[in-house]
Amino acid sequence: MDGYGRMDKVEGGYALTFKRHFPCKPEKVFDAVTNPDIFVQWYPFTTGRMDLHLGGKMYFDDGEGSEYEAVITELDYPRSFAFREVEDLIELSFHEEKAGAGSEMVFVHTFDDKEMAMYIAAGWHRCLDVLSQLVRGETVEWKDNAEELREIYKEKFR
């Protein structure tokens, strides 16, 4: 398994950082991340409603009857996309790799509850694996590895 995240202490909480590599230009990855039809396939609780502009809103449903919004805080095609979801900040940046070998996406989730880190990391790990499948045009397969990933991250974040 590749693509493990790391956790760092930052002002106001903690940041989980994941890197994913793609065999395509950053534009393709950026387009996939900001396309509501693709976004709903890998990002939890999204409804697919997205006002894609700086200050625009994204809409979520927790599956238990509560809807909430996120606000787009950064939108710089094809380099960065960020939004504040409740109190957490989600930031994605995209970079072309040397000699046209593809691109790298950096995903950062900033939050304040360290006790939830192993659960959050395991969840994002799985979600980003699915995003990678979508960008590559592969069949989506949600692996049944959440418990295994939680244990790995529990050890990593001691």
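Before reading further, recall that the structure is shown in the block above.
Now for a quick tour of the structure. Just so you know, these numbers come straight off a predicted model, no measurement behind them.

## Topic: the packing of helix H3 (residues 117-135) against helix H4 (residues 146-156)
Two elements in contact, H3 and H4, have axes whose closest approach is 8 Å; the angle formed by their N-to-C orientations is 130°. Classed by the angle they form, the pair H3 and H4 counts as oblique. Seen along the crossing, H3 lies across H4 with a hand that is right-handed. In contact with Met 118, Tyr 119, Ala 121, Ala 122, His 125 and Arg 126 of H3, H4 contributes Ala 146, Leu 149, Arg 150, Tyr 153 and Lys 154. Of the residues that constitute the contact of H3 with H4, the class distribution is seven nonpolar, one polar and three charged.

## Concerning empty space enclosed by the protein
Overall, the coordinates contain one cavity of 30 Å³ or more when judged by the stated rule. Computed from the structure, the largest cavity encloses a volume of approximately 40 Å³. Every residue along the wall of the largest cavity is listed here: Arg 126, Asp 129, Val 130, Gln 133, Glu 141, Trp 142, Lys 143 and Asn 145. Classifying every residue of the lining of the largest cavity by side-chain character gives two nonpolar, two polar and four charged.

Conventions used here
- Residues numbered from 1 in each chain as written.
- Predicted model: local features only at pLDDT ≥ 70, side-chain atom pairs only at ≥ 80, totals over all residues.
- Heavy atoms only, no water.
- Axes fitted to C-alpha atoms, helices over the stretch in contact; angles between N-to-C directions.
- Helix = DSSP H or I, 4+ residues; strand = E, 2+ residues; numbered from the N terminus.
- Parallel < 35°, antiparallel > 145°, perpendicular 65-115°, else oblique.
- Left-handed = near helix turned anticlockwise from the far one by under 90°.
- Contact = heavy atoms within 4.5 Å.
- Nonpolar A, V, L, I, M, F, W, Y, C, P; charged D, E, K, R; others polar.
- 1 Å grid on protein atoms, 1.4 Å probe; cavity = no way out; pocket = protein on both sides within 12 Å on 5 of 7 lines; lining within 4 Å.
- Points joined across faces, edges and corners; volume = space filled by probe spheres on them.

Any functional reading would require information beyond the geometric quantities listed.
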